[in-house]
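Listed below are the residues making up each chain.
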Amino acid sequence: MHCTQCGTLASPDAKFCAKCGSPIGETEKPTEAQAVTVVVSKPRALWLYIVGILLFGAYAAIFIPAIVGLNINPQVGPGSMFWNGLFFYLWWKRRGRKGWHGALVGSVIGLFAFFAAAFISALIRHGAGG
Ligand SMILES: [Zn+2]
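Quantities reported herein were computed from a predicted structural model and do not represent experimental measurements.

> I keep staring at the coordination of the zinc ion and nothing clicks. Help me out?
Within the first shell, the zinc ion binds the protein through C3 (SG), C6 (SG), C17 (SG) and C20 (SG), at distances of 2.2 to 2.4 Å. Taken together, the four donor atoms surrounding the zinc ion define angles of 103 to 116° at the centre, an arrangement classified as tetrahedral. Of the residues examined, C3 reaches a relative accessible area of 4% and is grouped as buried. According to the relative accessible area criterion, C6 is partly exposed, its value standing at 36%.

> Sorry if this is basic, but what is going on with the environment of W100 here?
Its place among the elements puts W100 in helix α4 (residues 99-129). Residue class for W100 comes out exposed when judged on its relative accessible area of 53%. Linking W100 and G85, residues 15 residues apart in sequence, is a C-alpha distance of 8.7 Å.

> It is not clear to me how the side chain of S22 should be interpreted in this structure. Could you clarify?
Summarising the element assignment, S22 is placed in the segment before α1 (32-35). Residue S22 is classed as buried on the basis of its relative accessible area, which comes to 14%.

> Sorry, what's going on with the environment of I53 here?
Mapped onto the secondary structure, I53 falls in helix α2 (residues 45-68). Taking C-alpha positions, I53 is 9.8 Å from W83, a pair spaced 30 residues apart along the chain.

> What's the story with the packing of aromatic side chains in this structure? I'm lost.
In this description, an aromatic ring pair is defined by two values, namely the gap between the centres and the angle between the planes. Under the defined criterion, the tally for this structure stands at eight aromatic pairs. Ring centres 5.5 Å apart and planes at 50° place the aromatic pair F88 and W91 in the tilted group. One end of the pair is F88 and the other is W91, both in helix α3 (residues 76-94) and three residues apart, which spans about a single turn. Classification of F88 by relative accessible area gives buried; the value is 12%.

> What should I look at first to understand a nonpolar patch on the surface in this one?
A cluster of nonpolar side chains, L46, W47, Y49, I50 and L54, forms an exposed patch at the surface whose accessible area comes to about 540 Å². With respect to the helices and strands, W47 occurs in helix α2.

Procedures and definitions
- Residues numbered from 1 in each chain as written.
- Predicted model: local features only at pLDDT ≥ 70, side-chain atom pairs only at ≥ 80, totals over all residues.
- Heavy atoms only, no water.
- Donors = N, O, S within 2.8 Å, 3.2 Å for Na, K, Ca; no water.
- Tetrahedral: all angles 85-135°; square planar, octahedral: opposite > 155°, others 65-115°.
- Buried < 20%, exposed > 50% of the residue type's maximum accessible area, 1.4 Å probe, protein only.
- Helix = DSSP H or I, 4+ residues; strand = E, 2+ residues; numbered from the N terminus.
- Phe/Tyr/Trp six-rings, centres within 6.5 Å; stacked < 30°, edge-to-face > 60°.
- Patch = residues over 30% accessible without salt bridge, like charges linked within 9 Å, V, L, I, M, F, W, Y side chains within 5 Å.
- Areas by Shrake-Rupley, 256 points an atom, 1.4 Å probe, with all protein chains shown as cover.
- Salt bridge = Lys/Arg side-chain N within 4 Å of Asp/Glu carboxyl O.

Here's what the structure looks like:
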């Protein structure tokens, strides 16, 4: 076995080179499997279900009064945007995409849902009022 540093022939059981003192034999390079351990953290599916149920509740809170013909409480608008944003954020993350893209998409959907409910509410009230 030769020294990797100076090329001097060393005895097979030598741990260090007799000439330059470099370690011989087992080089302590980490193997690729040890070096590359990328942990991809995905949000758990459970959170997606929980937020999905809360989102469903938010939709119910928006659309049930709308269908009955009641005024839409403006406070449910930000709530709709929040739950949609959170739901889509988690969904996007689970699919390995950028979470804030999902949050943005969800917020826009939440806003549209709010306006849609307000529109339905106005339509029904006008219809009922004659
Ligand atoms: Zn050497």
